Amino acid sequence: MGSSIFLFILFIAFHLLIFHQQPSIFAAADMNLIQKTCKNTKYYYLCVSSLKSNPRSSSVDTKGLANIMVGVGFANATATSSYLSSQLLSTKTNDTTLKKVLKECADKYTYAGDSLQASGQDLATEDYDYAYLHISAAADYPNACHNAFRRSPGLAYPAELARREDGLKQICDVVLGIIDHIISSS
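All of the points below concern the structure found in this document. (Residues numbered from 1 in each chain as written. Predicted model: local features only at pLDDT ≥ 70, side-chain atom pairs only at ≥ 80, totals over all residues. Heavy atoms only, no water.)

## Points about the side chain of T91
Defined as follows: For the purposes of this entry, the term helix denotes a DSSP run of H or I that reaches at least four residues, the term strand denotes a run of E that reaches at least two, and both are numbered from the N terminus. Contacts between residues were defined by any pair of non-hydrogen atoms, one from each residue, lying within 4.5 Å.
Examined against the element boundaries, T91 turns out to sit in the loop between α4 (62–90) and α5 (96–124). In contact with T91, other than residues within four places in its own chain, are L98, K99 and L102.

Right, here's the structure in full:
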């Protein structure tokens, strides 16, 4: 009984914290920075929605917004690598070609995540050329995965993987747009 009361109180406290403070998380100035920054990207709505959903956005500058988007890209790349690894493990076929391609793709998305992590370090040191290079590499790794499917006759490129590929490329395009904005504002 005591533990269920504790859980109920914890639930209510969490509910109050999240739902009653959420409208005040973003001041008008913070939304202005997000909107101004996102106007410089190819995918304005993706940029705004991603940044608005992260509470840190309310207390960072433009470089911080770029770092938040790098984190979004890293999460996408990591989740896609995990997805591909789980597909590899759950494949109940002796098709060695499919298994090889899934492994290659999982590795490529891991490399994309590594590149995004490196870009975060580059942003921290304001080495924007290297950040740009690492983000561009992260956006390109999914192409290698797609090409692995193309090189393998009889293997169709999964729709779910195509969706994830597009998502990562768009996120990377947003980060590149933010970096362009940072450089042009300097």
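## Comments concerning the state of the cysteines
Covalently bonding the sulfur atom of one cysteine to the sulfur atom of another cysteine gives a disulfide. For clarity, the cut-off: Whenever a pair of cysteine sulfur atoms sits within 2.5 Å, that pair is classed as a disulfide. Burial classification: accessible surface area is computed with a 1.4 Å probe over protein chains only, and a residue below 20% of its type maximum counts as buried, one above 50% as exposed, and the rest as partly exposed.
Counting across every chain of the model gives two disulfides. Note on cysteine connectivity: C105 is disulfide-linked to C145, with sulfurs 2.1 Å apart. Its S-S torsion of approximately 95 degrees makes the covalent link between C105 and C145 right-handed. Remark: C145 occurs in helix α6 (residues 128–150) and C105 occurs in helix α5; sequence separation between them is 40 residues. Here the two residues C105 and C145 agree in accessibility, since each one is buried. In the protein chain, the bonded cysteines, numbered by position in the sequence, are linked as 1-2, 3-4.

## Describing the environment of D61
Tracing the backbone shows D61 in the loop between α3 (44–52) and α4. Counting along the chain gives 31 residues from D61 to D30, while the straight-line C-alpha distance between them is 9.1 Å.

## A word on the pattern of salt bridges
Stated precisely, the cut-off is as follows: Salt bridge, as used here: a side-chain nitrogen of Lys or Arg that lies within 4 Å of a carboxyl oxygen of Asp or Glu.
Overall, the coordinates contain seven salt bridges when judged by the stated rule. The salt bridge partner of R163 is E160, with a shortest N-O separation of 2.6 Å. One end of the pair, R163, and the other, E160, are both in helix α7 (residues 159–185), three residues apart, so they sit about a helical turn from each other. Given a relative accessible area of 51%, R163 falls into the exposed group. Salt bridges linked by common partners bring E160, R163 and R164 together as one network.

## With respect to unusual backbone geometry
Located in the positive-phi region is E126, a residue other than glycine, with phi close to 60 degrees. For E126, the position within the fold is in the loop between α5 and α6. Classification of E126 by relative accessible area gives partly exposed; the value is 49%.

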